[in-house]
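Architecture and fold: a report
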Amino acid sequence: MKTFLLHHTPKSANQDTWTVTFSLPYIATEYAPAGNGVWYVRTWLGADQIKRRLAILFDHPDELGVHELSRADRASTGRLNWLQGRLEDDEPDESSWHMPRGVWNVLQSAVSTLARPSE
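Keep in mind that what you see is a predicted model, and the values were worked out from it rather than measured. (Residues numbered from 1 in each chain as written. Predicted model: local features only at pLDDT ≥ 70, side-chain atom pairs only at ≥ 80, totals over all residues. Heavy atoms only, no water.)

1. Thoughts on the overall build of the protein
- On a plain count of helices and strands, the protein comes out with four helices and five strands.
- The order of α-helices and β-strands along the protein, N terminus first, is β-α-β-β-α-β-α-β-α.
- Counting the 119 residues in the protein, one finds 30% classified as buried.
- Carbon and sulfur atoms make up 54% of the accessible area of the protein, which amounts to about 8300 Å² in all. (Helix = DSSP H or I, 4+ residues; strand = E, 2+ residues; numbered from the N terminus. Buried < 20%, exposed > 50% of the residue type's maximum accessible area, 1.4 Å probe, protein only. Areas by Shrake-Rupley, 256 points an atom, 1.4 Å probe, with all protein chains shown as cover.)

2. Observations regarding the sheet that holds strand β2 (residues 30-35)
- The strand order β4-β1-β3-β2-β5 describes an open sheet built from five strands, whose pairing is antiparallel. Of all the strands in the sheet, the pair left with one neighbour each is β4 (64-68) and β5 (83-84).
- Summarising the sheet, strand β1 (residues 2-8) and β4 pair through five bridges and their orientation is antiparallel. Within β4, the position partnered with Phe4 by the bridge is Glu68. (Pairing = 2+ DSSP bridges.)

3. Quick word on the pattern of salt bridges
- For the structure on display, the rule yields one salt bridge.
- Residue Glu30 is joined to Arg42 by a salt bridge in which the shortest nitrogen-to-oxygen separation is 2.9 Å. Taken together, the residues Glu30 in strand β2 and Arg42 in strand β3 (residues 38-43) connect sequence positions twelve residues apart. (Salt bridge = Lys/Arg side-chain N within 4 Å of Asp/Glu carboxyl O.)

4. Overview of the pairing of β3
- Within β3, six of the six residues are buried, leaving the element largely enclosed by the surrounding structure.
- Where β1 and β3 come together, six bridges link them in antiparallel fashion. Considered in β3, the bridge of Thr3 is made with Arg42.
- Relative to β3, β2 runs antiparallel, the two sharing five bridges. Across the sheet, the residue bridging to Glu30 is Arg42, located in β3.
- What sits between the antiparallel neighbours β2 and β3 is a turn of two residues, in which Gly37 has the positive phi angle 80°.

5. Examining the nonpolar core
- In this structure, Leu6, Leu24, Ile27, Ile50 and Leu54 are the most contacted members of the largest nonpolar core, which totals 17 residues.
- Those elements that provide at least two residues to this core are β1, β3, α2 (47-54) and β4.
- The contact partners of Ile27, leaving out residues within four places of it in the chain, are Leu6, Val41, Thr43, Leu45, Ile50, Arg53, Leu54 and Leu87. (Core = buried A, V, L, I, M, F, W, Y, C linked by side-chain atoms within 4.5 Å. Contact = heavy atoms within 4.5 Å.)

So far we have only geometry, and geometry alone does not tell us how the molecule works.
This is how it looks when you write it as structure tokens:
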């Protein structure tokens, strides 16, 4: 799980920070407000994936800053009031092994069948 600092700077009067706040649960497993237009986000997504998912909310790509926190920086986020996100692990990290959900369900079923004691 990675922790990011997101900063939104509207470049036009038509943009509201509430649209970003409303979208955070869908890109994060946990998120916490840090100020006006600034959020901490815990997610398995990478910075580029976050930017792509939120790109529709902005007039210009440079209006959203996404910065991954170092281990020392993450330690200072422990006192924040973290809210639960809705992000599910349906797009695994590119470095992980890919398995279609149907194959995973069949594998789980087979393992549970084999794990049952024989009568």
